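Given next are the chains, with one letter for each unit.
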Amino acid sequence: MIVTTASGAAAVILGPSGERVRLRCLARRSMLMSPCESFDHLRLSPGARHAMPGQAEAETVLHVLRGSLLVGRSTGEPDHLAVDGDLLLARRAVTLHLEAGPLGAELLCLTLAAPRGTAATRKTLARRRAERRTGP
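Keep in mind it's a predicted model, so treat the numbers as computed, not measured. (Residues numbered from 1 in each chain as written. Predicted model: local features only at pLDDT ≥ 70, side-chain atom pairs only at ≥ 80, totals over all residues. Heavy atoms only, no water.)

Novice: Any details on the overall build of the protein? Residues and values, ideally.
Specialist: Along its length, the protein carries 1 helix and 8 strands. When its helices and strands are written in sequence order, the protein yields β-β-β-β-β-β-β-β-α. Here the protein, with 136 residues, has 29% of them falling under the buried criterion. Here the analysis covers contacts within the protein between residues at least 6 apart in sequence; of these, 64% occur between residues at least 24 apart. Working note: accessible area of the protein is about 8900 Å², and carbon and sulfur atoms make up 58% of it. (Helix = DSSP H or I, 4+ residues; strand = E, 2+ residues; numbered from the N terminus. Buried < 20%, exposed > 50% of the residue type's maximum accessible area, 1.4 Å probe, protein only. Contact = heavy atoms within 4.5 Å. Areas by Shrake-Rupley, 256 points an atom, 1.4 Å probe, with all protein chains shown as cover.)

Here you go:
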């Protein structure tokens with residue numbers, strides 16, 4: 001079984017003021033036959049802060065299931081308020097800083113492999129198609 005709901009499978013990160021971030025891995029790359037790197041479930045207690053480091057070869061999708069949170073990429077940059085039902089996409093190598101609202105927040109986080117050659121590959125395929133149309 002790939003997805004588990006066993007309560008013992010979650011990691012709890014305690015903040016300096018007692019806030020909690022509960023992180024449960026639902027699936028990892030070795031379990032999946034797809035470009036999915038990981039699929040995680042996060043619960044942030046009210047006011048909890050959590051940094052999600054970006055990966056050079058992956059993009060992150062966040063789906064807010066419950067609650068609200070501020071999402072920022074760095075200090076000094078305006079934060080985005082995300083609420084129930086919002087879907088957020090972070091480009092590769094972007095670290096996200098999350099801060100839960102007054103009622104906490106619950107999220108699903110999907111990390112997808114994003115090979116660097118994707119845009120170049122598309123250009124090459126388009127060029128080959130154009131050559132075939134204008135060929136001898």
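Novice: Tell me about the environment of Arg49, residues and numbers included.
Specialist: Within the secondary structure layout, Arg49 lies in strand β4 (residues 49-52). Look at Arg49 and you get exposed, because its relative accessible area is 59%. If we skip the residues at most four places from it in the chain, Arg49 touches Glu19, Val21, Leu98 and Glu99.

Novice: Describe the side chain of Thr60, naming the residues involved and giving the relevant values.
Specialist: Structurally, Thr60 can be placed in strand β5 (residues 58-72). For Thr60, a relative accessible area of 13% translates into the label buried. Excluding anything up to four places from it in sequence, Thr60 contacts Met52, Leu88, Leu89, Ala90, Cys109, Leu110 and Thr111.

What is shown is where atoms sit, not what they do.
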